[in-house]
Amino acid sequence: MDGGSMEDAMVGGGYTDEPHVLAVDDNLIDRKLVERLLKNSSCKVTTAENGLRALEYLGLGDEKRTSLEDNVSKVNLIITDYCMPGMTGYELLKKIKESSSLKEIPVVIMSSENIPTRINKCLEEGAQMFMLKPLKQSDVAKLRCNLMNCRS
Amino acid sequence: MEVGQMQRAWVEYTRSLFREGFLDAQFQQLQLLQDESNPDFVAEVVSLFFEDSERLLADLTFVLEQQNIDFKKVDAHVHQFKGSSSSIGAQRVKNDCIAFRNFCEEQNIEGCLRCLQQVKQDYYLVKSKLEALIRLEQQIVAAGGSIPMEELSS
């Protein structure tokens, strides 16, 4: 067990034992569920209820504050619902991929609807994975393996 | 009732809820997420579901009472309700929402009103069943027992 390496582990987007995931979903129940699933897979979780809040957390809000850059280097994965009022998950994905500071962060899109054109659109825009809701523990395990452990 | 009896009652009751289609496999996923470090997870999520659902039902009732029904709004609410009922494993409610969305698309007022009645009925039914289930779980835990989740897979 490494002593005192939590801070070290969190810096520079490094893949660690406790990756930091930003989960975005307008549905309260889904936020609670995804949070629990991720925490059960040893992830640190921050939730946001919409795209704007997510972007603010990541430092891309209307007011660019340099102190928020700390949040950016700490987020190892963004998982977002597709259907959200205001900014959709797809629009959020685009904003992230257009940002020089954020584009390397893998983005996973979730949706309750299995629509091939939707899935392709997201994958083409750079989404790492598309997952069908409701999420189960096995989905998150797969996610963790594909995106985090395997890349470190 | 002693703990063993309560545990058996819990198993039977849970099985019946799955058998009768009130709950589906997703509810089991929620139960699996509950452990010593999160002993109230299911009760918490279920409680959020109740609050959320009652708000959605009130909004749906309001929108459908208007002279000119905004079907986009109806669909948005039903979509939310379908999402949360699906995430919690409330199968009948979820299926009612699927039918509801079809009537929304067709802008079928009669169909929508019937669906609203149906979804309300099924929601209140699953609500009372979930409340009973959680009460039973709390009694088991209060009596020093644990909830025999593993019995469900047998």
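Residues numbered from 1 in each chain as written. Chains lettered and ligands numbered in written order. Predicted model: local features only at pLDDT ≥ 70, side-chain atom pairs only at ≥ 80, totals over all residues. Heavy atoms only, no water.

**Q** Teacher, can you tell me more about the overall build of chain B here?
**A** Counting secondary structure elements, chain B contains six helices and zero strands. Listed N to C, the secondary structure of chain B is α-α-α-α-α-α in terms of helices and strands. Taking the principal axes of the C-alpha coordinates as reference, chain B spans close to 55 × 25 × 25 Å. When burial is assessed residue by residue, chain B has 51% of its 154 residues classed as buried. A separation of at least 24 residues holds for 67% of the contacts in chain B among residues at least 6 apart in sequence. Carbon and sulfur atoms provide 49% of the accessible area of chain B, an area that totals close to 7700 Å². Computed over 15 positive and 24 negative side-chain charges, the inter-centroid distance for chain B is 5 Å. (Helix = DSSP H or I, 4+ residues; strand = E, 2+ residues; numbered from the N terminus. Buried < 20%, exposed > 50% of the residue type's maximum accessible area, 1.4 Å probe, protein only. Contact = heavy atoms within 4.5 Å. Areas by Shrake-Rupley, 256 points an atom, 1.4 Å probe, with all protein chains shown as cover. Lys, Arg positive; Asp, Glu negative; His and termini not counted. Charge placed at Lys NZ, Arg CZ, Asp CG, Glu CD.)

**Q** What should I look at first to understand helix 2 (residues 25-32) of chain B in this one?
**A** Structural remark: α-helix, 3.6 residues per turn; residues separated by three or four positions point the same way. Taken together, the buried positions of helix 2 of chain B are Gln26(B), Phe27(B), Gln29(B), Leu30(B) and Gln31(B). On the buried face of helix 2 of chain B, the contacting elements are helix 2 (28-40) and helix 7 (137-147) of chain A together with helix 1 (3-19), helix 3 (41-65), helix 4 (71-88) and helix 6 (109-142) of chain B.

**Q** Whenever I open this one, the UniProt feature "domain: HPt" (unreviewed entry) in chain B confuses me. Can you help?
**A** In the numbering adopted here, UniProt assigns the feature "domain: HPt" (unreviewed entry) to residues 38-143 of chain B. Segment residues 38-143 of chain B splits into 87% helix and 0% strand. End C-alpha atoms: 18 Å apart. (UniProt positions renumbered as here; feature names shortened; annotations may be inferred.)

**Q** Looking at this structure, how should I read empty space enclosed by the protein?
**A** Regions of empty space are outlined by a rolling probe, equal in size to a water molecule, passed over the atoms. Summed over the entire model, instances satisfying the criterion amount to one cavity of 30 Å³ or more. Considered as a void within the structure, the largest cavity measures approximately 60 Å³ in volume. Around the largest cavity, the lining residues are Asp25(A), Asp30(A), Leu33(A), Val34(A), Met110(A), Lys133(A), Pro134(A), Leu135(A) and Ser87(B). At three residues, helix 2 of chain A tops the list of elements feeding residues into the lining of the largest cavity. Of the residues in the lining of the largest cavity, the class split is five nonpolar, one polar and three charged. (1 Å grid on protein atoms, 1.4 Å probe; cavity = no way out; pocket = protein on both sides within 12 Å on 5 of 7 lines; lining within 4 Å. Points joined across faces, edges and corners; volume = space filled by probe spheres on them. Nonpolar A, V, L, I, M, F, W, Y, C, P; charged D, E, K, R; others polar.)

**Q** Help me out: how do you make sense of helix 1 of chain B in this one?
**A** Residues and elements named next belong to chain B. Taking 1.5 Å per residue, 17 residues should reach 24 Å; helix 1 reaches 24 Å between its end C-alpha atoms and fits that length. On its buried side, helix 1 packs onto helix 2 and helix 6. Just downstream of helix 1 lies Gly21, where phi reads positive at about 80 degrees. (Expected span 1.5 Å × (residues − 1).)

**Q** Just checking my understanding: could you explain the pairing of strand 4 (residues 107-111) of chain A for this structure?
**A** Two faces make up the sheet, and in a regular strand the side chains alternate between them. All names here are of chain A. With five of five residues buried, strand 4 is to be regarded as a mostly interior element. Residues Val107, Ile109 and Ser111 line one face of strand 4 and the alternating positions Val108 and Met110 line the opposite face, and both faces are buried. Examined bridge by bridge, strand 3 (residues 77-81) and strand 4 share four bridges and lie parallel to one another. Note on strand 4: the bridge partner recorded for Thr80 is Ile109. Running through helix 5 (residues 89-98), the crossover from strand 3 to the neighbouring parallel element strand 4 is right-handed. (Pairing = 2+ DSSP bridges. Right-handed = clockwise from strand over helix to strand, strands pointing away.)

**Q** Which parts of the structure should I look at to understand the pairing of strand 1 (residues 20-24) of chain A?
**A** Residue and element names in this part refer to chain A. The element strand 1 is extensively covered by neighbouring structure, given that five of its five residues are classed as buried. Residues His20, Leu22 and Val24 of strand 1 are buried on one face, and the alternating residues Val21 and Ala23, pointing to the opposite face, are buried as well. Sheet topology note: the strand 1/strand 2 (residues 44-48) ladder contains five bridges and is parallel. The residue of strand 2 that forms the bridge with Leu22 is Thr46. Each parallel crossover has a hand, and the one from strand 1 via helix 2 to strand 2 is right-handed. With four bridges connecting them, strand 1 and strand 3 associate as parallel partners. In the strand pairing of strand 3, Val24 is matched with Thr80.

**Q** What should I look at first to understand the nonpolar core in this one?
**A** It is characteristic of soluble globular proteins that their nonpolar side chains tend to be buried jointly. Residues Leu38(A), Ile79(A), Phe27(B), Val74(B), Phe81(B) and Phe100(B) are the most contacted members of the largest nonpolar core, which totals 65 residues. Element by element, the count of residues in this core is highest for helix 3 of chain B, at twelve residues. Setting aside chain neighbours within four positions, we find Phe81(B) in contact with Phe49(B), Ser53(B), Leu56(B), Leu57(B), Val93(B), Cys97(B), Val119(B) and Tyr123(B). Leu22(A), Val24(A), Leu55(A) and Ala127(A) belong to the second-largest nonpolar core, a separate cluster that totals 23 residues. (Core = buried A, V, L, I, M, F, W, Y, C linked by side-chain atoms within 4.5 Å.)

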